[in-house]
Amino acid sequence: MNDEMGVLSVYATADPRDKSASPAWRLAVGNELGALRNGVADQGDKGRRDAVLDRLDRLQPEIETVLDSAESGVGRALFAPVSSDEVHTLTVQMPLDDCAVLERRPYLRPLAGALTFGAPAGVLAVSHEGMRVIDLRFGIAREVTRLAFELDTGDWRIMRGPAAGGQAGSPSRSANQPDRFDRRVEDNLQRYLSSLRPRVAEMADGHGWESLAITGDRRLIEVVRKGLSASPARRDVILLDRVAESLSTNEIAALARPELERSRSRRCRAVAEQAREAALSGGPGTTGISDTLGAFRENRVAHLVLDGARKLRGRRTPDARYYPHGELPPGESAAAEENDLGERMIELAFTSGAQVTMLPPEAADVLAEEDGVAALLRW
């Protein structure tokens, strides 16, 4: 989406528990929309001013829906070009931001954060009944399938009476028969769970799960884990020693969510460290604004890593190339001020097919001395 007149991006995180007349998100977005109106009104371009103000007036019903806590979804977003009637909205079950931005392209930083912190993950609830498979992404939990364990005892010899070599009526020997039966059931269950590993790995790859949490009895989850941790996808496998089969889908997701969030934070730190180490060793990596922007100009960035809290400034040339202050190419004097290089790098990454990782506060120290910017390169 690209509009020289501007694209309005509105984000809100609505808490349905807040029943006040003027909740915080409504006030924040309202203030930013008011600032947009005032800023446009102060500009000399009357045609653009009238177009933007008219578009904001016509968008009021859609904006009101985004801000209404009675609507579904915790995080909401709206994108609308000024020059057309086009409107795109989305909702997710996780926080986004409370802001309103008018720029030539949609404002993407909150979505980049959602892609990082709400990245797809799987949850396996394992029990003696079998396995429930749950997909968790952007705060929404959905049961993918149930894999039931069905015990076939048709060819089992009936175990009754004393064990071989014992005497009838011997409690210590005859009591072993139920134990042997239970062990046989357990062995069959473990073989069944072990047989599911290829199917679980296939589902994990198909759903793009970066992390996989397995809940249940310790012995059973260890059976499922074996082989999954060694996956070529380098997927994090988390074990939660708690039987959750009888819980609802959302309850199982809530049980696994804290560990999955910690796993995502570890992955963010790991990719930042990987990019930094690659840059320091002369490999396919960059750190800092200058080198990373240079790699973008050569279309070499495969994975951008960015401290989400940093505000980076620089310059933009007429041909839409970006540079840090003081690093314009020779003879270039018409560069405009760019107040959010981080946002521009996110745009460049998405439009070039690169991945984006936004560093949470607990992992941002990895790039504290590199302007909060790093990248893994294609070559």
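Only a predicted model underlies this, so the values are computations on that prediction, with no experimental measurement involved.

Undergrad: Honestly, the overall build of the protein in this entry has me stumped. Any pointers?
TA: Scanning the protein for helices and strands turns up 11 helices and 16 strands. Whereas a compact globule of 379 residues would reach a radius of gyration of roughly 21 Å, the protein reaches 28 Å, over 25% beyond that. Excluding contacts between residues fewer than 6 apart, the proportion of contacts in the protein whose partners are at least 24 apart in sequence is 69%. Put simply, the protein shows about 19,000 Å² of open surface, and 48% of that area lies on carbon and sulfur atoms. Across the protein, 50 positive and 58 negative side-chain charges occur, with their mean positions spaced 6 Å apart.

Undergrad: Sorry, what's going on with the nonpolar core here?
TA: Nonpolar side chains in soluble globular proteins generally cluster together in the buried interior. Residues Val301, Leu304, Leu306, Leu312, Met345, Ile346 and Val373 are the most contacted members of the largest nonpolar core, which totals 21 residues. Put simply, the parts of the chain that give this core at least two residues each are helix H10 (289-297), strand S11 (301-307), helix H11 (341-351), strand S15 (355-359) and strand S16 (373-377).

Undergrad: Hey, could you run me through the packing of aromatic side chains in this one?
TA: Between two aromatic rings, the relevant description is the distance of the centres plus the angle of the planes. The final tally for this structure, using the stated rule, is 3 aromatic pairs. Measuring from ring centre to ring centre gives 5.7 Å for tyrosine 11 and phenylalanine 79, while their planes differ by 80°; the resulting arrangement is edge-to-face. Linking tyrosine 11 in strand S1 (residues 7-13) with phenylalanine 79 in strand S2 (residues 75-81), this pair joins segments that are 68 residues apart in sequence. Accessibility expressed as a relative area gives 0% for tyrosine 11, which makes it buried. These aromatic residues form a ring-pair network of at least three members: Tyr11, Phe79 and Tyr107. In this structure, arginine 300 packs its charged tip against the face of tryptophan 379, placed 4.7 Å from the ring centre.

Undergrad: What should I look at first to understand the sheet that holds strand S3 (residues 88-92) in this one?
TA: Adjacent strands of a sheet form backbone hydrogen bonds with each other and so pair up, either parallel or antiparallel. A sheet is described by the order of its strands in space; here 4 strands give the open sequence S3-S2-S1-S4, paired in antiparallel fashion. The sheet is open, and its two borders are formed by S3 and strand S4 (99-103), each paired with just one other strand. Put simply, the sheet's adjacent strands are angled 10° from each other on average, direction ignored.

Undergrad: Would you mind going over the domain arrangement of the protein with me for this structure?
TA: Size of an interface, as often reported, equals the accessible area lost when the parts are brought together. For the protein, the assigned domains read domain 1 (1-106), domain 2 (118-152 + 187-266) and domain 3 (284-378). Measuring from the centre of the C-alpha atoms in domain 1 to the corresponding centre in domain 2 gives 39 Å.

Undergrad: Sorry if this is basic, but what is going on with a positive patch on the surface here?
TA: A contiguous patch of positive charge on the surface is contributed by Arg180, Arg183, Arg184 and Arg191. Of note, arginine 183 is situated in helix H6 (residues 176-195). Relative accessible area serves as the criterion here: at 48%, arginine 183 is assigned to the partly exposed category.

Undergrad: How do you make sense of the packing of H10 against H11 when you look at a structure like this?
TA: Packed helix pairs are characterised by how far apart their axes lie and by the angle those axes make with each other. Between H10 and H11, whose axes approach to 11 Å, the crossing angle comes to 30°. Considered as vectors, H10 and H11 are oriented roughly parallel to each other. Here H10 runs over H11; the crossing is left-handed. Listed contacts from H11 to Ile289, Thr292, Leu293 and Phe296 of H10 are Leu341, Met345, Leu348 and Ala349. The class makeup of the residues in the contact of H10 with H11 is 7 nonpolar, 1 polar and no charged.

Undergrad: How should the sheet that holds strand S9 (residues 236-240) be read in this particular structure?
TA: In spatial order, the strands read S7-S6-S5-S8-S9; together these 5 strands make up an open sheet with mixed pairing. Only two strands of the sheet have a single neighbouring strand rather than two, namely strand S7 (140-148) and S9. Between one strand axis and the next, the sheet turns by 20° as a mean value, whatever way the strands run. Looking at chain direction, strand S8 (residues 211-215) and S9 are connected through 5 bridges and run parallel. Bridge pairing in S9 places alanine 213 opposite isoleucine 238. Contacting strand S5 (121-127), strand S6 (130-137), S7 and S8, helix H7 (residues 197-207) runs over the sheet at an angle of about 155° to S7. Set on the sheet, helix H8 (residues 218-225) makes contact with S5, S6, S8 and S9; between it and S9 the angle comes to about 170°.

Each value, and the rule that gives it
- Residues numbered from 1 in each chain as written.
- Predicted model: local features only at pLDDT ≥ 70, side-chain atom pairs only at ≥ 80, totals over all residues.
- Heavy atoms only, no water.
- Helix = DSSP H or I, 4+ residues; strand = E, 2+ residues; numbered from the N terminus.
- Rg over C-alpha atoms; globule rule 2.2 N^0.38 Å.
- Contact = heavy atoms within 4.5 Å.
- Areas by Shrake-Rupley, 256 points an atom, 1.4 Å probe, with all protein chains shown as cover.
- Lys, Arg positive; Asp, Glu negative; His and termini not counted.
- Charge placed at Lys NZ, Arg CZ, Asp CG, Glu CD.
- Core = buried A, V, L, I, M, F, W, Y, C linked by side-chain atoms within 4.5 Å.
- Buried < 20%, exposed > 50% of the residue type's maximum accessible area, 1.4 Å probe, protein only.
- Phe/Tyr/Trp six-rings, centres within 6.5 Å; stacked < 30°, edge-to-face > 60°.
- Lys NZ or Arg CZ within 6 Å of the ring centre and 35° of its normal.
- Pairing = 2+ DSSP bridges.
- Axes fitted to C-alpha atoms, helices over the stretch in contact; angles between N-to-C directions.
- Domains from an automatic or database assignment.
- Patch = residues over 30% accessible without salt bridge, like charges linked within 9 Å, V, L, I, M, F, W, Y side chains within 5 Å.
- Salt bridge = Lys/Arg side-chain N within 4 Å of Asp/Glu carboxyl O.
- Parallel < 35°, antiparallel > 145°, perpendicular 65-115°, else oblique.
- Left-handed = near helix turned anticlockwise from the far one by under 90°.
- Nonpolar A, V, L, I, M, F, W, Y, C, P; charged D, E, K, R; others polar.

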